[in-house]
Structure formats: C-alpha cells, structure tokens
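Tertiary structure, described
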Amino acid sequence: MTSQTPETFYKSIFENMTDGLAYCQMIFDAQKNPVDWIYIKVNKNFEKLTGLKNAKGKKVSKLIPGISASNPELFKIYGQVSLTGKPERFETYVAPLSRWFLVSVFSPQKNFFVALFQNITDRKQIEKNLEDARIAAVNVLDDLFVEKSKVETAKAKEEAILMSIGDGLITTDEKGNTIFINKAAEKLLGIKNEEISGKSFFESTTIENEEGVAVPLEKRPIHMALATGTTTTTTTTTTTGPTYYYVRKDKTKFPAAITVTPVILSGKVIGAIGVFHDITKEREIDHAKSEFVSLASHQLRTPLTAIGWYVEMLQSGDAGVLNDKQNKYLSEIYTGNKRMVELVNALLNVSRIELGTFVVEPEPTDVVLLARSVVDEQKSQIEAKKLKLSEKYAKDLPLFNADPKLLRMVFQNLLSNAVKYTPKGGAIEFALWMVKGGESVDVQKADEDSIAVKVTDAGYGIPKKQQNQIFTKFFRADNVRKKDTEGTGLGLYIVKAIVDHSGSKIWFESVENKGAIFYVTLPLSGMKKKEGAKALI
Ligand code: ADP
C-alpha cells in the first residue's frame, strides 16, 4: 500500500463514496433571499444519482429548470444552512428529476454548503405501495364493517318482524332442533323460547289428530318439509284433510293451520320455517256455514219433491189433456226440477260430510248387483250417447260389508262422469275384481284383501295441470266446462270423502283427449259403522 497525503485520501473518499455530494455556493439577492446556487464541485455519484451531467460551475436554475417553483424549500434550507452553519437533514421530492432524495446539508464556510444525498426513490416507491396497500386494507375493513352493520341491521329488523307477526313462527335447523319461536308461538304453544330453543321441536311439542292420537314423526309438517325439501301445508277444514291439533304444555289443545317451508341453501335443506295459527274460529264459522247449507238443502227438498210429483201428475193427464206446448214446458220444468233435486242432494251430502253427521250403515253388500243397478239407472244416458259400455265383473266376488247407499254414490259418480265426459259413440268400461293384500292395482299396492273398482273411458280426459285439484269441492276442469254445463264439481269431492272415511283408496290416470281411468280399492274388512247422531236424515 502506498502512503497517501490527507488531501488525496479525502479526495478518494469524496470520489468513491456511494452518496452523491455537491459543494455549492449560495447566491442571495439584495434582500438576502436565497435565489440560486452554483455547483462548485460534485463527486462521481452525483451524476448517477441525479442524472445531471456536467454540473460543475453551473447554476442550479440552469441545470434543473423549474426547480425554484417545484422545490422552494431547497432554497430556503440551503440558504439558511449557508448563513447559519446549522446542519439539516431532510427528504424531498424533486419533480423535474422525478426522484426522491434524502439530503444532509452542512456549511463548511459562510455562503457555501455541502449537500450529501442518497436517491431514495425506490424506497419511497415501496413505502408508497405499502401505504396504498394499507389504505386498501383499511377500505376493505371499512366496507366489511359497513356490510356487517348492514347485515346486523337487517337481522335486527327481521327479528323484530318475526317477533311481532301475529302468526306463530318456528324456525328449526335441518334436524328439527328449534332455533327460535316468536311471541305468538310462545303464547299459542304455552312454552317460552328459552325453554325450547336448542331442543328438538318434535320432542318438545305434540301434535294430535281429530281422534286425539299423536301424529307420528314422519307425518309432522316440519319433518315432512325437512325430509322432502318442499313446502308442507296442513288443512284448515275437516274435509280437505285431517286437522292437526297442537297440544299445549297444560294439555289443552287447539286446531292449527300449519305451513312449513324448508330453507334451502345450495340445494341442501338447512332448516325449516313453520308458520301456524289457531283455526278454532275459522272452524266454528265453517261449521255454522255447513249447518246452514244442510238446513237450507233439507228444507228445499220437500217443495222440490212436491213440484216433481205435481209435474208428473200433470204429465199423466190427471188434470186434463195437455197440448204439445204445455207438455214441452212441463218437461222443461221436470228436467230443471230434477237437476235442482240432484244439486240439493249433493249439497246435503257435502254438509253431512263437513259436519261429520253422515251415517255409515254397513251391511253385507253384493257389489256386482249394486254395479249392475247403477248401470241400469244410467242406461238411458248411455244409449242416448251411443256409448259402448263393457262390464267386467269377476265371478264369485264375496259379499262385502259396505253401506250400499254410499257405495252406490261412488259408483254413480264415477260412471256418470265417464258417461258425461266421453263424446258420442265412445267406449267405457266398468270393472270389478278381487286383489290380495300386497298385490298391485295399477300403480298402487292394496294394503289388504280388497275389491278393486275400475271405471275407464276414452273421453276428454283431465288436463295435467289441473289433475291435483280434481277432488276439491266445486272444481271443474277447463276442458269440460263448455262441453257439459250442468256439472256441480261436487261428485268427486263426495266420492273422495266416502272413500277416505271407509278406509278405501281412490286415484286416477288421465291424458287429455285420451280418456281417464278411475280406480278404487275397497278393503274386504268393510266400512266401519258410524252413527250420525245429528244427522238430519
Ligand atoms: P262434475 O262432474 O259435476 O263437474 P265431479 O266432482 O264429478 O263434478 O268432477 C269434477 C271434475 O273432474 C269434472 O268437472 C271434470 O272436469 C273432471 N272429471 C271427472 N271425471 C272425469 C272423467 N271421467 N273424464 C274427464 N274429466 C273428468
């Protein structure tokens, strides 16, 4: 190593240091304001760090045009340091150079200063990126917070709504464990939300049917909705299906209309929401209405029957010979009266069903004989329409313990529908045969040994979209309304009620314009006797 003089030593430091270095003279105006500086000496890295070439001997105003506007603080700080000798350290962005610098400045002698600096643009960029990321994160958190409070507000609102609705409301998870019941449900069920939440709703409450028998788990509406993933509704009248009774803790009960909707998320049932209300009042009103219909129909029967008799007497010439016109008018009256009697009878039957007053008086009945007599009754209509009727009755069908009046109504309605809803010249079939328990009748299996009834026609059929309404009161499908204007829509409703009450089954298959097949299975164990204490007839 060669020895060096201090001057060359410092010079070598000056030239080789990684910082930029500028030795400058400050220029002041007459008022002693710093207005410019001259680069007296700069080191090698000055050019690299600033991008400025040949700075030596130049004024900064020439070297970096616009600097006095972009960085007035540099003039102020350098001016002060040159005058006071007090060193400074600061960071600054020099816009004309698009660079950030960390500057240390000191003054070796008055009016001069030395600026040592580093280019910190990269660091600043990273800091800026970090800051941007921080701001973005804060924004996301802010948004989340806003969303969270929105969700909380919505939840609070929903809870308030659910809490205050007049109907009882139950929410459960997918297993039927209670999540929440509202105030109305608490009141109706006589149980507190705190007592029931978290517990199985099925174990905490009991539902009974009309006979006071507990409804099994698989028939409970919430269970059905959870199991099937479809909305389940119980009925509000005795006739549209079984009425369910909620049993309170104190063992009192009330009839309830219940609707349960499954909660489905991504195709999976995750819970259920049940809404119910006490239908005691509705049922009372329903009952009063049925009583009125029953009374009115009953009262109408006597005068209508009398009209029939008198018309028959007039027609037979009891009151003198009638002319053609009179006979024509009388026959119109007779037909109209007959229709009215049929309607009144149907209404009376409906009200009996609804009031539970219809009597079932089973007696050993020969179903084939009964079927034949029903066919006989309708012979004239069958012939008028030129229908081809085939009767297929199995031989040796056993006597069957049934109420012949009710069974007659079933046969009459099914056959008269086949006759009414088949165009002229069409074919119908009436069949009776035996099935053993477990054997199939069409798509259904007979639960026990039964007599199967099948009434087939090749008529107008029932439109697919209305098939689920066919057994409802007053329902008539669109396709037949115009073709047959006389129907009441009560026949199948009555048939279904009779079938249901006697442990039988009824169902049908139909394709519009192809025809319909109605099936009934009558268990050989027979219909159960039922006294109609309040029955009017
Ligand atoms: P009604 O025959 O008096 O209208 P029902 O209760 O017997 O009343 O039948 C209800 C409805 O069911 C009928 O209006 C008709 O739309 C449909 N229906 C019943 N039986 C048949 C059938 N065999 N073919 C076509 N439609 C039928």
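Residues numbered from 1 in each chain as written. Predicted model: local features only at pLDDT ≥ 70, side-chain atom pairs only at ≥ 80, totals over all residues. Heavy atoms only, no water.

**Observations concerning the pairing of strand β5 (residues 112–119)**
Two elements, strand β1 (residues 20–28) and β5, share 6 bridges in a ladder whose sense is antiparallel. Bridge assignment links G20 to a residue of β5, and that residue is F117. Between strand β4 (residues 99–106) and β5, which pair antiparallel one after the other, the connecting turn spans 5 residues, and N111 there sits at a positive phi close to 70°. (Pairing = 2+ DSSP bridges. Helix = DSSP H or I, 4+ residues; strand = E, 2+ residues; numbered from the N terminus.)

**Some thoughts on the packing of helix α11 (residues 280–315) against helix α12 (residues 324–355)**
Contact geometry for α11 and α12: axes closest at 8 Å, N-to-C directions at 155°. Relative to α12, α11 is oriented roughly antiparallel. Read as a crossing pair, α11 and α12 show a hand that is left-handed. Among the residues forming the contact of α11 with α12, the class breakdown is 15 nonpolar, 12 polar and 5 charged. (Axes fitted to C-alpha atoms, helices over the stretch in contact; angles between N-to-C directions. Parallel < 35°, antiparallel > 145°, perpendicular 65-115°, else oblique. Left-handed = near helix turned anticlockwise from the far one by under 90°. Nonpolar A, V, L, I, M, F, W, Y, C, P; charged D, E, K, R; others polar.)

**A short note on the UniProt feature "domain: PAS" (unreviewed entry) in the protein chain**
Taking the numbering used here, the UniProt-annotated feature "domain: PAS" (unreviewed entry) corresponds to residues 154–202. End C-alpha atoms of residues 154–202 are separated by 30 Å, and the span's content is 49% helix alongside 20% strand. (UniProt positions renumbered as here; feature names shortened; annotations may be inferred.)

**Some words on the site of the ligand**
In the region of the ligand, 19 residues are neighbours, and Y421, D457, R476, T488 and L492 sit closest. Take T488: an N or O atom from its main chain is 2.8 Å from an oxygen atom of the ligand. A distance of 3.1 Å is found between an oxygen atom of the ligand and a backbone nitrogen or oxygen belonging to G489. Contact with the protein chains covers 98% of the free accessible surface of the ligand, which is 530 Å². Put simply, the parts of the chain that give the shell around the ligand at least two residues each are α15 (404–420), α17 (491–501) and β21 (515–523). (Near = heavy atom within 4 Å. Polar contact = N/O pair within 3.5 Å; in protein donor to acceptor, adjacent residues only side chain to side chain. Areas by Shrake-Rupley, 256 points an atom, 1.4 Å probe, with all protein chains shown as cover.)

**Remarks on helix α5 (residues 72–84)**
Taking 1.5 Å of rise per residue, the 13 residues of α5 would be expected to cover 18 Å, and the 18 Å separating its terminal C-alpha atoms lies within 8% of that figure. Those residues of α5 lying buried are L74, F75, I77, Y78, G79, V81 and S82. Looking one or two places after α5, you find G85, whose phi comes out positive at around 80°. (Expected span 1.5 Å × (residues − 1). Buried < 20%, exposed > 50% of the residue type's maximum accessible area, 1.4 Å probe, protein only.)

**Observations concerning the packing of aromatic side chains**
Two measures describe an aromatic ring pair: the distance that separates the ring centres and the angle between the ring planes. Evaluated as defined, the whole model comprises 20 aromatic pairs. Considering the side-chain rings of F201 and Y246, the 6.5 Å spacing of their centres and the 85° angle between planes classify their relative orientation as edge-to-face. In this pair, F201 is assigned in helix α9 (residues 201–204) and Y246 in strand β10 (residues 244–247), connecting sequence segments 45 residues apart. Accessibility assignment for this pair places F201 and Y246 in one class, buried. Within the aromatic cluster, the residues linked to one another by ring pairs are W37, Y39, F46, F75, Y78, F90, F101, F113 and F117. Lying over the aromatic face of W100, K124 brings its terminal NZ or CZ to 4.5 Å of the ring centre. K483 extends its terminal NZ or CZ atom over the ring of Y460, reaching a point 4.5 Å from the ring centre. (Phe/Tyr/Trp six-rings, centres within 6.5 Å; stacked < 30°, edge-to-face > 60°. Lys NZ or Arg CZ within 6 Å of the ring centre and 35° of its normal.)

**Topic: the pairing of strand β6 (residues 168–173)**
Burial of β6 is extensive: 5 of the 6 residues sit out of reach of the surface. Relative to strand β12 (residues 268–278), β6 runs antiparallel, the two sharing 6 bridges. By the bridge assignment for β12, T171 is matched with I273. Where β6 meets strand β7 (residues 178–181), 3 bridges bridge the pair, whose relative direction is antiparallel. From the neighbouring strand, T172 faces β7, where its bridge partner is T178.

**Concerning the UniProt feature "domain: Histidine kinase" (unreviewed entry) in the protein chain**
According to UniProt, the feature "domain: Histidine kinase" (unreviewed entry) maps to residues 295–526 in the numbering used here. End C-alpha atoms of residues 295–526 are separated by 31 Å, and the span's content is 44% helix alongside 21% strand.

**A short note on the sheet that holds β1**
Taken in spatial order, the 5 strands of this open sheet run β2-β1-β5-β4-β3, and their pairing is antiparallel. Only two strands of the sheet have a single neighbouring strand rather than two, namely β2 (34–42) and β3 (88–94). Neighbour to neighbour, the strand axes of the sheet diverge by 35° on average, direction disregarded. Sheet topology places β4 next to β5; 6 bridges connect them, and they run antiparallel. Directly across from S104, in β5, lies its bridge partner L116. In the packing of α5 onto the sheet, contacts are made with β1, β2, β3, β4 and β5, and the angle to β2 comes to roughly 70°. Sitting on the sheet, helix α6 (residues 121–164) is in contact with β3, β4 and β5, with an inclination near 120° to β4. (Contact = heavy atoms within 4.5 Å.)

**A few points about the sheet that holds strand β19 (residues 450–457)**
The strands that make up a sheet are held in pairs by hydrogen bonds between backbone atoms, and each pair lies either parallel or antiparallel. Strand order in this open sheet of 5 strands is β14-β16-β19-β21-β20, and the pairing throughout is mixed. For this open sheet the edge positions go to β14 (388–393) and β20 (505–511), each flanked by a neighbour on one side alone. Direction aside, the axes of adjacent strands within the sheet are offset by 10° on average. The sheet contact formed by β19 and β21 spans 8 bridges and is antiparallel. Looking at the pairing, A452 lines up with T521 of β21. This element, helix α13 (residues 367–377), spans β14, β16 (427–435) and β19 of the sheet and lies at about 170° to β14. Strands β20 and β21 of the sheet are contacted by α17, whose axis makes an angle of about 140° with β20.

**Re the confidence of the model for the protein chain**
Low pLDDT marks regions whose predicted coordinates should not be analysed in detail. Here the protein chain averages 90 in pLDDT, while 97% of its residues score no lower than 70. Within the protein chain, helix α1 (residues 6–16) has the poorest average pLDDT of any element, 80, and β14 the best, 97. Long-range and interchain partners of residues 533–537, a stretch whose pLDDT sits below 50, account for 12 contacts in this model, where long-range means more than four residues apart. (pLDDT = per-residue confidence, 0-100.)

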